[in-house]
Structure formats: structure tokens, C-alpha cells
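Observations on chain architecture
For reference, the chains in residue letters:
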Amino acid sequence: MPDSREFRTGFGYDVHRLVYGRELILGGVKIEYHWGLLGHSDADVLLHAICDALLGAAALGDIGRHFPDTDAAYAGISSILLLEKTGEKLSGRGWRISNIDSTIVAQRPKLAPYLEEMTLNIANCLGLSDSCVNVKATTTEGLGFAGREHGIAAYSTVSIVR
């Protein structure tokens, strides 16, 4: 009997500028650092990239379409809430998340001590096993805007099934 499930993949990318005087939130984790990311929400580039990947996989547009930075309702909002709402949008259309794989690109701070907590935050938010979520971090060896510590970027790929 043929497999009647529908599989899709999605890709997401986000970047925010580093600025002095804001908290640095990545994967829903507050990172101790003297710089934070500038944005309308908490500017969590990791969760924004995941939201974009999930929305793209389901052919639902992007994060700006669903949570515009021109809407005061999203000013300062936790990106964990945006991810939760994104997950609800997918499940409401019959999609189930199979896998999330993400990479944070930052010269500093060193993120290895925070990756497990980020993974658990994402998995718990979306009702997934932590074995379905992977978060890693890398530097650019001093190259580009991330290497010069002007900003932090994140990439994410996801797979979903219906």
C-alpha cells in the first residue's frame, strides 16, 4: 500500500544587529553578555529562523506576515510565544513537525553552555521530543558582520509531515 503521508521541508534565516543595553535572548535563553539583539520583539534570531522554516514548509508565508513588526501587539514579545503560535498554525492545518535542525552564527559569546537549554525550550514549546530538535553554534573566524560582532544570524531547516 502506498504511503499517503505528505512530507515537506522548510528553510529559515534571520539576522539582528547587536546593540548595547538590550538582553541577549537565543532559543528562549537569556545569555549573559553585554550586548543584545535589536528588534521589535525580543529579537531571538534562532526562534525567528525556526518560525520562518516552519511557515515556509507549510507554504504559509513568513514570520513578518503573521507577526508584523508594525503591530504594537508584538512589541517586546517573547519569541517563544511566536514559536508556540507558529506551531499552532501548523497543527491547525494538519501538519506535524518531524525534525528541526538549526545553526546560530556568532563570534561571541560562546554559546555551547546554552545549547542544551535552547534545545529543550524549543522541544517543550512545540510538544516535541528533544531528539527531534538540534541546535548548534559556530563562528565565522572573524569574517563578515557576525565575525566583526555587528550581529548574530541563525539558519534553520525543518521537516513536517501530514
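In what follows, the structure referred to is the one given above.
Below is a summary of the structure that appears in this document. Just so it is clear, the structure is predicted and the values come from calculations on it, not from any experiment. (Residues numbered from 1 in each chain as written. Predicted model: local features only at pLDDT ≥ 70, side-chain atom pairs only at ≥ 80, totals over all residues. Heavy atoms only, no water.)

Some thoughts on the overall build of the protein
Helix and strand counts for the protein come out as 5 helices and 7 strands. Starting at the N terminus and walking to the C terminus, you meet the elements of the protein as β-β-β-β-α-α-α-β-α-β-α-β. Overall, the C-alpha framework of the protein stretches about 55 × 35 × 25 Å when taken along its three principal axes. Across the 162 residues that make up the protein, the buried fraction comes to 46%. If you take every contact in the protein between residues at least 6 apart in sequence, the share linking residues at least 24 apart comes to 72%. Computed over 15 positive and 19 negative side-chain charges, the inter-centroid distance for the protein is 4 Å. (Helix = DSSP H or I, 4+ residues; strand = E, 2+ residues; numbered from the N terminus. Buried < 20%, exposed > 50% of the residue type's maximum accessible area, 1.4 Å probe, protein only. Contact = heavy atoms within 4.5 Å. Lys, Arg positive; Asp, Glu negative; His and termini not counted. Charge placed at Lys NZ, Arg CZ, Asp CG, Glu CD.)

Quick word on a nonpolar patch on the surface
Judged by side-chain polarity, Phe-11, Tyr-13, Val-15, Phe-145 and Tyr-155 come together as a nonpolar surface patch covering roughly 450 Å² of accessible area. Examining the composition of the nonpolar patch, we find that 3 residues originate from one element, strand 1 (residues 7-20), more than from any other. Note on Phe-11: relative accessible area 54%, which makes it exposed. (Patch = residues over 30% accessible without salt bridge, like charges linked within 9 Å, V, L, I, M, F, W, Y side chains within 5 Å. Areas by Shrake-Rupley, 256 points an atom, 1.4 Å probe, with all protein chains shown as cover. Salt bridge = Lys/Arg side-chain N within 4 Å of Asp/Glu carboxyl O.)

Let's talk about the state of the cysteines
Considering all chains together, one arrives at 0 disulfides under this definition. You can see Cys-132 has no disulfide; the closest cysteine sulfur is in Cys-125, sitting 14 Å from it. (Disulfide = S-S within 2.5 Å.)

Topic: the environment of His-48
Structurally, His-48 is set in helix 1 (residues 45-57). Residue His-48 is classed as buried on the basis of its relative accessible area of 8%. When the C-alpha atoms of His-48 and Thr-9 are compared, they prove to be 16 Å apart, with 39 residues separating the residues in sequence. Those residues in contact with His-48 that lie beyond four places of it in its chain are Asp-14, His-16, Ser-41, Asp-42, Ala-43, Ile-63, Ser-79 and Leu-82.

Points about the side chain of Asp-52
Structurally, the position occupied by Asp-52 is in helix 1. Although Asp-52 is buried, it forms no salt bridge, and the closest oppositely charged side chain is Arg-65 at an N-O distance of 10 Å. For Asp-52, the side chain forms a polar contact with the main-chain nitrogen of Ile-63, separated by 2.6 Å. Dropping the residues within four chain positions of it, Asp-52 is found in contact with Phe-11, Gly-12, Tyr-13, Asp-62 and Ile-63. (Polar contact = N/O pair within 3.5 Å; in protein donor to acceptor, adjacent residues only side chain to side chain.)

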